[in-house]
Each structure stands twice: as structure tokens, then as C-alpha cells.
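Close look at the chain arrangement
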Amino acid sequence: MSSHVDPSAPLQGEPTKNTQRKLKKEMRTQLVSFVLMIFITSMAFLSIASDAIPSGFAIPFILLLAAIQVTLQLYFFMHMNEKGTAWVNIMIWSGLFIAVLTVAALMLLIGVVKY
Amino acid sequence: MAENEAMEQQQTLPPNPEKATLEGRNKYLGFWFFLGGETVLFGSLFGTYLGLRSGVLDGPGPADLFHLDLVFIMTMILLTSSLTSVFAVINMKRGNYKGLLIWMWATVALGVAFLVFEIYEFYEYYHQGLGFSTSAFASAFYTLVGTHGAHVLFGVLWITTLLIRYRKSGLTLTNAPKFYTAVLYWHFIDVVWVFIFTVVYLLGIGG
């Protein structure tokens, strides 16, 4: 690439063979993770809708399913599994860490004291 | 002479056009920093909701209001819109600008469908006696789910603006990071919804 880049010039040409192969593979990965997410979501809804599953099992089960589904979203749909995402991982995981502490603290402080 | 050079200047498609310039890389990193902050924002709203959800006073409670079928449809709409935006990014990396625009429009359409369902949902709840200040549960519920809905609305407006502004420009190093960050935002909306349908709706009915 030349030293002067015009960022408003339309990009021309095809991606390289290597990139095309990667994109084809990615398409497959993304479709598989989408099917998995549909399956996980349906399982979560079914375990609550069905009377056969006791709620003592269903509640931890759907929380686990939510955690799996979010991981799929972050690492496949949002590409956090790729190289060069160290800072991205640090930011999201610190955000989640503080969010978990916040949820626990608020639940206990408001919930236990008031109800 | 200089004009001729400008005319002939063409950029070839890099493998990751959204990260090909310093500006693009900065946008990408800065946007994730913002998403880390958004996580904490929603964390505090979830914490408040979980603390207050049993405070229903005389108003209707979660089990009286929520219907699984409506929530299931909304979840599927949002999940599918996440997939269409993935397709948009794959088309962008292929250099297929038309494909990018079409899949982004599909994402916008699904986002609007989601909003219509949510407005219908809130309208129904209001007519069943759940006003914003009816109970602690009502306020916490409307704030949490409403903030998410506001994010969906903002995402729809953002992507629509990009689509209209860049309808004819073709894929450039300027607009590739813009579309990419908008898609990241859209996925993040779906991430939040996963927790909402689990914690608010499924636990509200089953727990």
C-alpha cells in the first residue's frame, strides 16, 4: 500500500484465494453457531414451559444455557476468538466482572433488606 | 498531473477493511471499551430488577403478565437479525458492497419488527394495570427492558443513517469500520437480550 491512502476511494478487486477460503469456512462456522443458539434458546424456553421439569433443575439450567449462548455470541458472532483481540477480551471481561459484582451487591442490598 | 493521479488512485481490498487504517483500529478498540461500560450499565439495571422483582404491591406480577410465546418470537427475531448482520460483515470482507447493504437492511427490518412487538407488549401490560409507577417491580421492569428497547431503536436509526449516507459510495476504508462497529453494537444488543429473556421472562414465569 502506498504511503498516501485515500480512505474515501472505493475498494477494488477480489479478496485473495486465502481470504476467500477463510470466509467460506467462517460462513460455515457462523451458521453452525446460529443453529446451536436456536437450539439452546428453544431448550431454555421448553424447560420452563414444560411441567415435567422441576423448577429446582430448570433455573440453574437456563442460567447455564444463557452463559453458553453469550459466549457463542461474543466469540463467534463478535469475533473475540480471533488473533489481536487481547484488549477486547480484557475490556469485556473486566466489564462482566464488575457487572457480576454489581448484580450480586444490588440483589443482596435491595432484595434482602426490603423483601 | 496531480488530478490524473487522483483519478487513477484505487485501493485494493484488504482482508480486514475495517482494521486497515489507524482510524479503523482505533474505532474498533474504542467501541469495545464502550461495550465494556455498557455491560456495567446493564449489570446495575439487572441487579436493581432482581432486587425489586418481588415488590409487586397490588399490581400484577411477572407470572400474571408474561407470555412465553410472545417472548419466544421476539427472541427469534433478534437472534436472526444477529445472523443477518454476520452475513453483512462476511459480504463486506468479500468486497460485495451490495450484499453488505442488503443484509444490513434485513437487519434493520428485523430490528423494527422487534420494536413493534415490544411496543405492543408494553401497551398490553399497561392495559392490564402495570403502569411505570404501579410497583417497584413495574419501575425496574420498564427501566431494564425499556433501556434495552432504546438501544434497539438507536441501533436501527444508526444503521439506517449509514445505509442512506453510503448508499452509492461503495465500500471504502472510511465506511468499513463504521459498518463494522454498528454490527458489533447490534450483536451486543442481542447479548443483553439473552440475559433479559432468561432472567426477566423465564425466571419470571418459572421461578
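Numbering of residues begins from 1 in every chain and follows the order in which that chain's sequence is written. For naming, the first written chain is A and the first written ligand is 1, with later ones following in the order written. Totals for whole chains, interfaces and linings use all residues, but because this is a predicted model, local features are given only for residues with pLDDT of at least 70 and pairs of side-chain atoms are given and counted only at 80 or more. The basis for every side-chain value is the complete set of heavy atoms in the structure, and neither hydrogens nor water enter the calculation.

**A closer look at the domain arrangement of chain A**
All names here are of chain A.
- Domain segmentation is taken from an automatic or database assignment of domains. The domain boundaries assigned to chain A delineate domain 1 (17-82) and domain 2 (83-115).
- One C-alpha centre belongs to domain 1, the other to domain 2; they are set 21 Å apart.
- Buried surface at the junction of domain 1 and domain 2, both sides included, amounts to about 500 Å², of which 61% is carbon and sulfur.
- By definition here, a salt bridge exists when the distance from a side-chain nitrogen of Lys or Arg to a carboxyl oxygen of Asp or Glu is within 4 Å. Linking domain 1 with domain 2 are 0 salt bridges, by the criterion used here.
- Counted as a polar contact is a pair of N or O atoms within 3.5 Å, where, for protein atoms, one must be capable of donating a hydrogen and the other of accepting one, and residues adjacent in sequence contribute only when both atoms are in side chains. Linking domain 1 with domain 2 are 5 residue pairs in polar contact (both at pLDDT 80 or more).
- Looking at the side of domain 1 that touches domain 2, its residues break down into 3 nonpolar, 2 polar and 1 charged. Two parts placed together each lose some accessible area under a 1.4 Å probe, and the buried area is that loss summed for both. Only Asp, Glu, Lys and Arg are considered charged, only Ala, Val, Leu, Ile, Met, Phe, Trp, Tyr, Cys and Pro nonpolar, and every remaining residue, Gly among them, polar.

**Focus: the environment of A:Ile59**
- Helix and strand assignments follow DSSP, with helices taken as H or I runs no shorter than four residues and strands as E runs no shorter than two, numbered in order from the N terminus. Structurally, the position occupied by A:Ile59 is in helix α2 (residues 55-77).
- Measuring from C-alpha to C-alpha, the distance between A:Ile59 and A:Leu46 comes to 12 Å, with 13 residues separating the pair along the chain.

**Section: the packing of aromatic side chains**
All names here are of chain B.
- Only Phe, Tyr and Trp rings are paired, with Trp represented by its six-membered ring, and only when their centres lie within 6.5 Å; those with planes under 30 degrees apart are stacked, over 60 edge-to-face, the remainder tilted. A full pass over the atoms with the stated rule returns 28 aromatic pairs over all chains.
- Both rings, one in Tyr28 and one in Tyr180, keep their centres 6.0 Å apart while their planes meet at 45 degrees; by these two values the pair is tilted. Highlighted residues: Tyr28 in helix α2 (residues 22-52) and Tyr180 in helix α7 (residues 175-206), separated in sequence by 152 residues.
- We call a residue buried when its accessible area falls under 20% of the maximum for its residue type, exposed when it is over 50%, and partly exposed in between, using a 1.4 Å probe and counting protein chains only. Residue classification places Tyr28 among the buried positions, given a relative accessible area of 6%.
- Among the residues examined, Tyr180 registers a relative accessible area of 2% and is labelled buried.

**Considerations on the packing of helix α1 (residues 17-49) of chain A against α2(A)**
All names here are of chain A.
- At a minimum axis separation of 10 Å, α1 and α2 run at an interaxial angle of 165 degrees. By the criterion of interaxial angle, the relationship of α1 to α2 is roughly antiparallel. Classified by chirality, the crossing of α2 by α1 is left-handed. In contact with Thr29, Gln30, Ser33, Phe34, Leu36, Met37, Ile40, Thr41, Met43, Ala44, Ser47 and Ile48 of α1, α2 contributes Ala58, Phe61, Ile62, Leu65, Ile68, Gln69, Leu72, Gln73, Phe76 and Phe77.
- Here the residues of the contact of α1 with α2 are counted per class, giving 15 nonpolar, 7 polar and no charged. Only C-alpha atoms enter the line fits that serve as axes; for helices the fit covers just the stretch in contact. Angles between N-to-C directions range over 0 to 180 degrees. The cut-offs work like this: below 35 degrees is roughly parallel, past 145 is roughly antiparallel, 65 to 115 is roughly perpendicular, and the gaps in between are oblique. Here is the rule for handedness: rotate from the far helix to the near one, and if that takes an anticlockwise turn smaller than a right angle the crossing is left-handed, while a clockwise turn gives right-handed. We call two residues contacting when some pair of their heavy atoms lies within 4.5 Å.

**So, the pattern of salt bridges**
All names here are of chain B.
- Applying the stated criterion across every chain, the model contains 2 salt bridges over all chains.
- One salt bridge in this structure joins Lys93 and Glu18, with 3.9 Å as the shortest N-O distance. Residue Lys93 is located in helix α4 (residues 68-94), and its partner Glu18 is located in the loop between β1 (11-12) and α2; the two are separated by 75 residues in the primary sequence.
- In this structure Lys93 comes out as buried when scored by relative accessible area, which is 4%.
- The exposure class of Glu18 is buried, given its relative accessible area of 1%.
- Between Lys27 and Glu23 there is a salt bridge; the shortest N-O distance is 3.0 Å. Residue Lys27 and its partner Glu23 are located together in helix α2, separated by 4 residues, close to a single helical turn.
- Relative accessible area serves as the criterion here: at 29%, Lys27 is assigned to the partly exposed category.

**Things to note about the interface of chain B and chain A**
- Contacts between the two partners involve 64 residues from chain B and, on the opposite side, 59 residues from chain A.
- Both sides together, the interface formed by chain B and chain A hides about 5500 Å², and carbon and sulfur atoms give 77% of it.
- Together, B:Gln11, B:Trp32 and B:Leu79 form the three largest contributors to the area buried by chain B at its contact with chain A, with a combined 12%.
- Between chain B and chain A we count 7 residue pairs in polar contact (both at pLDDT 80 or more) in total.

**Topic: the side chain of B:His148**
Residues and elements named next belong to chain B.
- Considering the arrangement of structural elements, one finds His148 in helix α6 (residues 136-165).
- The buried category is assigned to His148, whose relative accessible area is 0%.
- Not counting the four nearest positions on each side in its chain, His148 is found in contact with Phe42, Leu78, Phe114, Ile189, Val192, Trp193 and Ile196.

**Re a nonpolar patch on the surface**
- Only residues whose relative accessible area exceeds 30% and that form no salt bridge enter a patch; like-charged residues are grouped when within 9 Å of one another, and nonpolar side chains (Val, Leu, Ile, Met, Phe, Trp, Tyr) when within 5 Å. Per-residue accessibility takes into account occlusion by the displayed protein chains alone, with areas from the Shrake-Rupley method and a 1.4 Å probe. A surface patch of nonpolar side chains, amounting to about 350 Å² of accessible area, comprises A:Val32, A:Leu36, A:Phe39 and A:Met43.
- Within the element layout of this structure, A:Leu36 appears in helix α1.

**Describing the confidence of the model for chain B**
- In the predicted model, chain B carries a mean pLDDT of 93, and the fraction of residues at 70 or more is 95%.
- In the predicted structure, residues 3-8 of chain B sits below a pLDDT of 50 and forms 0 contacts with residues beyond four places in sequence or in another chain. The pLDDT value tells you how sure the predictor is about a given residue, anywhere from 0 up to 100.

**Some details on the confidence of the model for chain A**
- Averaged over every residue, the pLDDT of chain A is 90; the share at 70 or more is 94%.
- By mean pLDDT, strand β1 (residues 11-12) of chain A is the weakest element of chain A at 88, and α1(A) is the strongest at 94.

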